[in-house]
Amino acid sequence: MTFEVFASTPEDMGPAEIGQHAARAEAMGFDGLQVPDAVHDGLLLAAMALNATSKLTVSTAVLVAFARSPMISAIAAWDLQKMSAGRFEVGLGTQIQANIEKRYSARWDSPVPQMREYVQAMKAIFHSFQTGERLAFEGNHYTLTKLQPFFNPGPIEHPDIPILCGAVGPAMTTMVGRIADGMITHPTNTPPEYISEVCLPRLQAGFDRAQRSAEGFKFVLGPLTATGKDEQQVAAEWEKMRNLLGFLYSTPAYWPSLELFGWQDKGQRLLDMTRQGNWQEMPNIITDDMLSKFVPRGTYSEIAQIFRERFGGLAQRITFPMPNNPTDDALCGAAVRQLKSPDAP
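Computed from a predicted model, the values in this text were never measured in an experiment.

## A closer look at the pairing of strand S10 (residues 218-221)
Every regular strand shows the same layout, with side chains that alternate between the two sheet faces.
Part 1 of the argument: Judged from the 3 bridges that link them, strand S9 (residues 182-185) and S10 form a sheet pairing that is parallel. Within S10, the residue paired with Gly182 across the bridge is Lys218.
Part 2 of the argument: Since S9 and S10 lie parallel, the crossover through helix H7 (residues 192-210) that links them has a hand, and here it is right-handed.
Part 3 of the argument: As defined by bridge partners, S10 adjoins strand S11 (residues 317-320) across 2 bridges and the pair is classed as parallel.

Spelled out as structure tokens, the structure:
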């Protein structure tokens, strides 16, 4: 079993660092790079990552869709695709209602049909850009019917820009299976049992409804991973993941994966602790058994086989963390090669 391997990018990495980060990922043999849209602008980061590389595919993971008009996102995606000669992918996400309304001052309607229309609108815009045909998208959430020739950027060599979506709940996952080109999992949804028993059946329901094949669909696993050059580094990363899961599972939307394993009480306890301001004690709720379910653990020399045993047959693309210290790049690169080919040195 081989994987397409994408590097991840820290949420707080900004424009000054992203070019070097992308160049390192390309040198280590990663197939692609995911860039966030959180602390900094994801489209700006994508542009700079693409400009610093020549082979790397760059994907937003995930671009906050509802904070932007579909036209704004489509124009940027078109420009990035042309600039990079076909190396850009759009990864879209909804964010949460409070952030959309209070941080972005944007509209949150019904997220599943709104995201469905967003994807359909972007595809309609791409079609008009490429063919010059009249733009005529009219939905309940988005209406785009005006694109004068002056504002049309015109055809490009690689017009089929993949649109992937982040999804957690059942309706969103099924919708993604119906209309998108791929799905980006949330880190809390990556245990093999959850993938096989929950995620994949929901996606299949979407494929069936749209009467489409799963062939070519990009199912992207983004597990939290504890890895490093030696056990000391791995143990330190393991504890970082404990802290992160303690924070993530204070959000009720992520509790279904806890419920699958009978740990639903943990989520409520974590939520109560946030309301009490008891942030420091939250990692103590995450046991080693829970970490083992959600976080693959092993040194760079071990981790490829651990991933293969854990995720083989479930996904074609995975994300993998880059070392904090560039002196470990050679060891990480060897792990990436092993993930891409079991016979690699």
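## As for the packing of helix H12 (residues 300-311) against helix H13 (residues 329-340)
Part 1 of the argument: Taken N-terminus to C-terminus, the directions of H12 and H13 make an angle of 25°; their axes are 8 Å apart at the nearest point. By the criterion of interaxial angle, the relationship of H12 to H13 is roughly parallel. Crossing angle aside, the handedness with which H12 passes H13 is right-handed. In contact with Tyr300, Ser301, Ile303, Ala304, Phe307 and Arg308 of H12, H13 contributes Leu331, Cys332, Ala335, Gln338 and Leu339.

## Some remarks on the side chain of Arg68
Part 1 of the argument: Residue placement: Arg68 occurs in the loop between strand S4 (63-64) and helix H3 (70-83).
Part 2 of the argument: By relative accessible area, which is 14% here, Arg68 ends up buried.
Part 3 of the argument: With residues up to four places along the chain from it excluded, the contact list for Arg68 reads Asp37, Asp41, Gly42, Leu43, Leu63, Ser73 and Tyr118.

## What to know about the packing of aromatic side chains
Part 1 of the argument: Tallying each qualifying case throughout the model produces 12 aromatic pairs.
Part 2 of the argument: Ring centres of Trp78 and Phe126 lie 5.5 Å apart, and the angle between their planes is 25°; this geometry places the pair in the stacked category. Of the two residues, Trp78 is situated in helix H3 and Phe126 in helix H5 (residues 111-131); the sequence distance between them amounts to 48 residues.
Part 3 of the argument: The class of Phe126 is buried, set by a relative accessible area of 6%.
Part 4 of the argument: Seen from their ring centres, Phe261 and Trp263 are 5.5 Å apart, and the 35° between their planes marks the pair as tilted. One exposure class covers both Phe261 and Trp263, and it is buried.
Part 5 of the argument: What links up through ring pairs into an aromatic cluster is the set Tyr249, Phe261, Trp263 and Phe294.
Part 6 of the argument: Residue placement shows Arg297 over the ring face of Trp238; its charged tip is 4.7 Å from the ring centre.
Part 7 of the argument: The aromatic ring of Phe6 is capped on one face by Arg317, whose charged end is 3.9 Å from the ring centroid.

Parameters and conventions
- Residues numbered from 1 in each chain as written.
- Predicted model: local features only at pLDDT ≥ 70, side-chain atom pairs only at ≥ 80, totals over all residues.
- Heavy atoms only, no water.
- Pairing = 2+ DSSP bridges.
- Helix = DSSP H or I, 4+ residues; strand = E, 2+ residues; numbered from the N terminus.
- Right-handed = clockwise from strand over helix to strand, strands pointing away.
- Axes fitted to C-alpha atoms, helices over the stretch in contact; angles between N-to-C directions.
- Parallel < 35°, antiparallel > 145°, perpendicular 65-115°, else oblique.
- Left-handed = near helix turned anticlockwise from the far one by under 90°.
- Contact = heavy atoms within 4.5 Å.
- Buried < 20%, exposed > 50% of the residue type's maximum accessible area, 1.4 Å probe, protein only.
- Phe/Tyr/Trp six-rings, centres within 6.5 Å; stacked < 30°, edge-to-face > 60°.
- Lys NZ or Arg CZ within 6 Å of the ring centre and 35° of its normal.

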